[in-house]
Amino acid sequence: MSQSRHMIPVWDAAVRVLHWTLVLSVAAAWLTRHSPGSWHEWLGYTTLAVVAARTIWGFIGSRYARFADFVRSVSVTGTYARDVLSAREARFVGHNPLGGWMVLLLLTMVVLVGATGWLYTTDRFWGVEWVEELHEALSNILFGFVALHILGVVFTSIRHRENLPASMLHGRKRES
Amino acid sequence: MTYRLPAAALIAAAIIAIPAQVASATGLATCDSGPPDKWQPQATLTAKLKKEGWDVRNVKVDGGCYEVYALDAKGERVEAYFHPVTLERVEIAAE
């Protein structure tokens, strides 16, 4: 028992700081969506900077931070999803295969929301309705994936009796 | 092992999942403009602004005002509010 409770460092400091900075900047960007001034724009640029840093870290970061550690093939991910449905999925110390794809999906959606938001601030596309509507639609899709991400974290926490949000704060997880 | 954090996360997910696009008014400005059938048509405002050198991109209704997205005569990007009866410009919260 004491052996299985052994905690090891998994999420390095950069992963954790970037994760929570992204959470806060996306939430703040949403809250300032109708605010006067340039708060919303600067928060949007912050989200893009975080995604850029996380992408670089995905190649040079520590073991579990790397895309190579958690982006798995469609067939492996499909098998994992079927295992989840029949409640016999393996536990992963890093991201599980579905969680890994969720990371890519969330990073991509933030880029799309940020890019269309920036587009709207250019003289060419300022006030152009379809750009505004696309930006809003993409952000709604992003929040849908955020909700799914949180549900996945809660589900996996319960399944494997561990507190994954706490691990994203202190960086440690149970070894096995 | 405590499950307080996952529970908090679950509540957060529920809040996020509630469609947030309820209110159409942004609160940037409000106009005491009465019933919309007494308003001047949007096209009148657009034509007036074009004559002043504006490149009008979009006109919406917000808080009983006309909300205009445009490049003004100096080519600056502006989001401006106008009273729909008088077509007077309405100041919004400081940029």
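This text goes with the structure placed above it.
A quick note: this is a predicted structure, and the numbers were derived from the prediction, not measured.

J.: When you look at the overall build of chain B in this model, what are you seeing that I'm missing?
T.: Helix and strand content of chain B: 2 helices and 4 strands. Traced from its N-terminal end to its C-terminal end, chain B shows the element sequence α-α-β-β-β-β. When burial is assessed residue by residue, chain B has 15% of its 95 residues classed as buried. Put simply, 44% of the contacts in chain B that link residues at least 6 apart link residues at least 24 apart.

J.: Would you mind going over the environment of A:Leu138 with me for this structure?
T.: All names here are of chain A. You can see Leu138 is positioned in helix H6 (residues 129-159). Accessibility expressed as a C-beta count within 10 Å gives 19 for Leu138, which makes it partly exposed. Taking C-alpha positions, Leu138 is 9.5 Å from Gly114, a pair spaced 24 residues apart along the chain. If near-sequence neighbours (up to four positions away) are discounted, Leu138 is found in contact with Met109, Leu112, Val113 and Thr116.

J.: Looking at this structure, how should I read helix H4 (residues 74-85) of chain A?
T.: Three or four residues apart is the spacing at which side chains of an α-helix point the same way, because the helix has 3.6 residues per turn. Here H4(A) contains 12 residues, and its C-alpha end-to-end distance of 16 Å stays within 8% of the 16 Å for a straight helix at 1.5 Å per residue. In the segment just after H4(A), A:Ala87 is the residue with positive phi, at about 55°.

J.: Quick question: what am I supposed to make of the sheet that holds strand S2 (residues 65-71) of chain B here?
T.: Sheet strands associate in pairs through backbone hydrogen bonding, adopting either a parallel or an antiparallel arrangement. All names here are of chain B. The 4 strands lie next to each other as S1-S2-S3-S4, forming an open sheet whose pairing is antiparallel. The strands lining the two open edges of the sheet, one partner per strand, are strand S1 (55-62) and strand S4 (89-90). The pairing of strand S3 (residues 77-82) with S4 spans 2 bridges and is antiparallel. Bridge pairing in S4 links Tyr81 to Val90. Those strands touched by helix H2 (residues 42-51) are S1, S2 and S3, and its axis lies near 145° from that of S1.

J.: Even after reading the chapter, I still don't get helix H2 (residues 39-60) of chain A, so can you show me in this structure?
T.: Residue and element names in this part refer to chain A. The terminal C-alpha atoms of H2, which comprises 22 residues, lie 31 Å apart, in line with the 32 Å expected from a rise of 1.5 Å per residue. All buried positions along H2 are accounted for by Leu43, Gly44, Thr47, Val50 and Arg54. Projected onto a plane normal to the axis of H2, the buried residues spread over an arc of 115° and lie on a single side. Looking at H2, the residues exposed on the side facing more than 90 degrees away from the buried face are Ala52, Ile56, Phe59 and Ile60.

Conventions we followed
- Residues numbered from 1 in each chain as written.
- Chains lettered and ligands numbered in written order.
- Predicted model: local features only at pLDDT ≥ 70, side-chain atom pairs only at ≥ 80, totals over all residues.
- Helix = DSSP H or I, 4+ residues; strand = E, 2+ residues; numbered from the N terminus.
- Buried ≥ 20, exposed ≤ 12 C-beta atoms within 10 Å, placed from the backbone.
- Contact = placed C-beta atoms within 7 Å.
- Expected span 1.5 Å × (residues − 1).
- Pairing = 2+ DSSP bridges.
- Axes fitted to C-alpha atoms, helices over the stretch in contact; angles between N-to-C directions.
- Arc of directions from axis to C-beta.

Worth remembering: the numbers are spatial, not functional.
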